[in-house]
Amino acid sequence: SQQGEEDPQALSIQEGENATMNCSYKTSINNLQWYRQNSGRGLVHLILIRSNEREKHSGRLRVTLDTSKKSSSLLITASRAADTASYFCATAPRGAQKLVFGQGTRLTINP
Amino acid sequence: NAGVMQNPRHLVRRRGQEARLRCSPMKGHSHVYWYRQLPEEGLKFMVYLQKENIIDESGMPKERFSAEFPKEGPSILRIQQVVRGDSAAYFCASSPRITGGSTDTQYFGPGTRLTVL
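All of these numbers come straight from a predicted model, not from anything done at the bench. Per chain, residues are indexed from 1 in the order of the written sequence. For naming, the first written chain is A and the first written ligand is 1, with later ones following in the order written. The model is predicted, so local features are restricted to residues of pLDDT at least 70 and side-chain atom pairs to those at 80 or more, both for listing and for counting; the totals for chains, interfaces and linings are taken over all residues. By convention in this description, side-chain values take in all heavy atoms of the structure and omit both hydrogens and water.

Student: Can you walk me through the interface of chain A and chain B in this structure?
Tutor: Often, the extent of an interface is quoted as the loss of accessible area upon association of its parts. By definition, residues are in contact when any of their heavy atoms lie within 4.5 Å. Residue-level contacts link 26 residues of chain A with 26 residues of chain B. Carbon and sulfur atoms make up 48% of the area that chain A and chain B hide from each other, which totals about 1,900 Å². Two parts placed together each lose some accessible area; with a 1.4 Å probe, that loss summed over both constitutes the buried area. Looking at the side of chain A facing chain B, the largest losses of area belong to A:Leu43, A:Gln97 and A:Lys98, adding up to 30% of the total buried there. Note on definitions: salt bridges are taken to be side-chain nitrogens of Lys or Arg within 4 Å of carboxyl oxygens of Asp or Glu. Summed over the shared surface of chain A and chain B, the number is 0 salt bridges. Throughout this description, a polar contact denotes any pair of N or O atoms lying within 3.5 Å of each other; where both atoms belong to protein, one of them has to be capable of donating a hydrogen while the other can accept it, and for residues adjacent in sequence the pair is counted only when both atoms sit in side chains. For the pair chain A and chain B, the number of links is 5 residue pairs in polar contact (both at pLDDT 80 or more). Looking at the side of chain A that touches chain B, the elements that each hand over two or more residues are strand E4 (29-37), strand E5 (43-50) and strand E9 (85-93) of chain A. By residue number, the principal contributor to the side of chain A that touches chain B is E4(A), which donates 5 residues. By definition, any uninterrupted DSSP run of H or I lasting at least four residues is a helix, any uninterrupted run of E lasting at least two residues is a strand, and each is numbered from the N terminus.

Here it is as structure tokens:
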């Protein structure tokens, strides 16, 4: 079964607004990663946050990690139509050489 | 520096045929991963390989599926006697390193979309 679970499953907002997606997981991790997937395409790596980090920024992206609650959030500020995609969190379990993906959040930015 | 290459991008097979999916990792990457994605779902891990070695195949179905990463050439995911349930997108990823005993950033290819008629 998938370890990561994203919330919400779908999100629709107006261009310029901020979008927040959440991810929960169950086991100890080494790092947590967020990926974007446009419809019918491959995955693009957005950001990686390690288990000893609490917050990380990259451009309009802000990721937080709370290992005590086993949860992470991805914030996209000042959204654009081009941000329309599915967003997946993926955890790297300790000692495991793989990523465990959630079901994803489908984000739609309305112009 | 070319990204992860996968071919073919689309593959159509009839039930009972064999499917061969190829993956060339990014230059300098020695860790290769295969994932399967069903429609409207996230990716599920299948297998992790290094050159000439299968390291973790815990996500591979016990029958009909096999993977290799030879010393020379691309990694191959092979599905024998395909069934309709094998229809999915198959993604390959590569990584340059392992950090702290776990995988680091993985770089994904565009995927192969397999359709079984």
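Student: Help me understand the pairing of strand E6 (residues 55-58) of chain A, please; the structure alone is not making it clear to me.
Tutor: Regular strands place side chains that alternate from one sheet face to the opposite one. Residue and element names in this part refer to chain A. Summarising the sheet, E6 and strand E7 (residues 61-66) pair through 4 bridges and their orientation is antiparallel. Along E7, the bridge assignment pairs His-57 with Arg-62. Note on pairing: two strands pair once DSSP finds at least 2 bridges between them. Hairpin connection of E6 to E7: 2 residues between the antiparallel strands, including Gly-59 at a positive phi of 60°.

Student: How do you make sense of the sheet that holds strand E7 (residues 65-68) of chain B when you look at a structure like this?
Tutor: Within a sheet, adjacent strands bond to each other through the backbone by hydrogen bonds, running parallel or antiparallel. All names here are of chain B. With antiparallel pairing, 4 strands are arranged side by side in an open sheet as E1-E3-E8-E7. Unpaired on one side and paired on the other, strand E1 (5-7) and E7 mark the two borders of the sheet. Direction aside, neighbouring strands of the sheet carry axes that sit 15° apart on average. In this analysis an axis means a line fitted to C-alpha atoms, helices contributing only their contacting stretch, and an angle means the value between N-to-C directions, from 0 to 180 degrees.

Student: Is there a simple way to think about the side chain of B:Ser95 in this case?
Tutor: Residues and elements named next belong to chain B. You can see Ser-95 is positioned in strand E9 (residues 88-95). Only protein chains enter the accessibility calculation, which uses a 1.4 Å probe. A residue is then buried if its area is under 20% of the maximum for its type, exposed if over 50%, and partly exposed in between. For Ser-95, a relative accessible area of 0% puts it in the buried group. A distance of 3.2 Å separates a polar atom in the side chain of Ser-95 from the backbone oxygen of Thr-105. Sequence-distant contacts of Ser-95, defined by excluding residues within four places in its chain, comprise His-29, Ser-30, His-31, Tyr-33, Thr-103, Asp-104, Thr-105 and Gln-106.

Student: Just checking my understanding: could you explain the packing of aromatic side chains for this structure?
Tutor: Ring pairs (aromatic) are described by centroid distance and by the angle formed between their planes. Between the rings of Phe, Tyr and Trp (Trp by its six-membered ring), a pair exists once the centres lie within 6.5 Å; its type follows the angle of the planes, with under 30 degrees stacked, over 60 edge-to-face, and the other angles tilted. This structure, assessed with the given rule, holds 8 aromatic pairs over all chains. Between A:Phe88 and A:Phe101 the ring centres are 6.4 Å apart and the planes differ by 75°, which places this aromatic pair in the edge-to-face class. Placement of the pair is A:Phe88 in strand E9 and A:Phe101 in strand E10 (residues 100-101), with a sequence separation of 13 residues. Judged on exposure class, the residue A:Phe88 and its partner A:Phe101 are both buried. Measuring from ring centre to ring centre gives 5.6 Å for A:Phe101 and B:Tyr35, while their planes differ by 85°; the resulting arrangement is edge-to-face. Linking A:Phe101 in strand E10 with B:Tyr35 in strand E4 (residues 31-37), this pair reaches from one chain into another. For A:Phe101, a relative accessible area of 0% corresponds to the buried category. The exposure class assigned to B:Tyr35 is buried, which follows from its relative accessible area of 0%. Grouped by ring-pair contacts, the aromatic residues A:Tyr35, A:Phe88, A:Phe101, B:Tyr35, B:Phe45 and B:Phe108 constitute a single cluster.

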